[in-house]
Amino acid sequence: MRKLIVTEFITLDGMFEDPAPPPGYSSPDIGKFKHDELFESGVLLLGRVTYEGFANYWPTMKGSSDFAARMNSLPKFVATTTLKNLEWNANALEGNIVAAVQKLKQRDGQNILVYGSGTLAQTLLRHNLADELRLLVYPLVRGKGKRFFTGEDQLPLKLASSRDMGAGVMLLTYEPASES
Amino acid sequence: MGKLIVSMWTTLDGFIGDTEGPNFVLDDDEMAAYETALVNNADTLLLGRQTYQDFVSYWPNRPNDPKVTAYEKTIANAFNAMRKFVVSKSLTQATWQGTNILKDIVPKEIEKIKKESDKNIIMYGSASIVQQLMKLGLMDEYQLLVHPLTLGSGVPLFKDRVNLNLVKAEQFKSGVMFLTYQPRQS
């Protein structure tokens, strides 16, 4: 049984997928955290939109860092019903997403890591399939943009830990509020 | 010179409640200690009409209620003793002792209130007033009690782009994050 981790960059008002934060909001702790997180993971699980963005971007970063090398080499699973020919060492999740992810979690190994992937992340959170939700909360308010949390029902969570990462960024780690 | 502080209970996704109004159920000793310290360090309340009306129907007589808790009595006594400002075009009289009506947000008046205050000026709720003051660069501090809950939709605290600095972060046992931000001078 391995852990599934959803990891996101969000603003104080819950927006994600904003272009990179403005200068002055990076810190060595954030870099180390993102690095360790990737190297503690053995597989990436992505929604279609995030997969398409990543599969376009990361191969162009080949040779630039060990982070990029690992992004490119890790096996990936993609939640998609429309894409047929996946590249970038990726396979489509077959059949029901919840069942497929449950099966994926049952194998032993390093963590399953979910970046971005708003729609998929909501499904995982609402089915208690995410063991951890890691939010890097930037001290930015965007007012408009794409919201990470979009469900119509309330989603209660349990705060597991918090850490000041420097540059005003907080790492908040949540777990499902109730085990089922 | 007092700091203009907004104190808000928010969800993890930045809402201060849904259309039915705030629906937070968490409460704990650390929250009570926070709320008590907040009022003890303030001498002025600045409220929108809606929040003012909610408050005026609850707090003025609270100390006389035989069932009042010591915590609520402290908060009520502090509120009752404070100088108060309500921003409203429609209110013609405000009965809560020490209340002044501001027809509009006039930067000079807000600056005067700050200068006159020895302690802080607190705002609760009143998101639209907060947003106006924020645009005018008059908000000094945001104290957010981020509850471990998402709503997906509701009344947002913030509507405009702003870059902030994190001043302080504290994790409460209940799972509430107490985060203090100030505007970032750029």
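Look a little higher up for the structure.
Every value quoted in this text rests on a predicted model; they were computed, and no experiment measured them. (Residues numbered from 1 in each chain as written. Chains lettered and ligands numbered in written order. Predicted model: local features only at pLDDT ≥ 70, side-chain atom pairs only at ≥ 80, totals over all residues. Heavy atoms only, no water.)

Caption draft 1: Highlighting the overall build of chain B. Scanning chain B from terminus to terminus reveals 5 helices and 9 strands. Ordered by position from N to C terminus, the α and β elements of chain B give β-α-β-α-α-β-β-α-β-α-β-β-β-β. Projecting the C-alpha coordinates of chain B onto the three principal axes gives extents of approximately 45 × 40 × 30 Å. Considering chain B as a whole, with its 186 residues, one finds that 53% of them fall into the buried category. For chain B, the computed accessible surface area is about 8900 Å², with 50% contributed by carbon and sulfur atoms. Computing the positive centroid from 20 side-chain charges and the negative centroid from 21, chain B places the two 7 Å apart. (Helix = DSSP H or I, 4+ residues; strand = E, 2+ residues; numbered from the N terminus. Buried < 20%, exposed > 50% of the residue type's maximum accessible area, 1.4 Å probe, protein only. Areas by Shrake-Rupley, 256 points an atom, 1.4 Å probe, with all protein chains shown as cover. Lys, Arg positive; Asp, Glu negative; His and termini not counted. Charge placed at Lys NZ, Arg CZ, Asp CG, Glu CD.)

Caption draft 2: Up close: the packing of helix α1 (residues 28–39) of chain A against helix α3 (residues 66–73) of chain A. Residue and element names in this part refer to chain A. Between α1 and α3, the least distance of the axes is 10 Å, while the angle of their chain directions is 35°. As for how α1 packs across α3, the hand of that crossing is left-handed. Packed against α1, whose contacting residues are Lys34, His35, Leu38 and Phe39, the element α3 presents Asp66, Phe67, Arg70 and Met71 at the interface. When grouped by side-chain class, the residues that make up the contact of α1 with α3 number 4 nonpolar, 1 polar and 3 charged. (Axes fitted to C-alpha atoms, helices over the stretch in contact; angles between N-to-C directions. Left-handed = near helix turned anticlockwise from the far one by under 90°. Contact = heavy atoms within 4.5 Å. Nonpolar A, V, L, I, M, F, W, Y, C, P; charged D, E, K, R; others polar.)

Caption draft 3: Quick look at the sheet that holds strand β7 (residues 132–138) of chain A. Taking strand neighbours across the sheet as the criterion, the 9 strands line up as β5(A)-β4(A)-β3(A)-β6(A)-β1(A)-β7(A)-β11(A)-β10(A)-β7(B) in an open arrangement whose pairing is mixed. Each end of this open sheet is capped by a strand with a single partner; those strands are β5 (90–92) of chain A together with β7 (149–150) of chain B. Those strands touched by helix α2 (residues 48–57) of chain A are β3 (41–47), β4 (76–79), β5 and β6 (111–115) of chain A, and its axis lies near 115° from that of β3 of chain A. (Pairing = 2+ DSSP bridges.)

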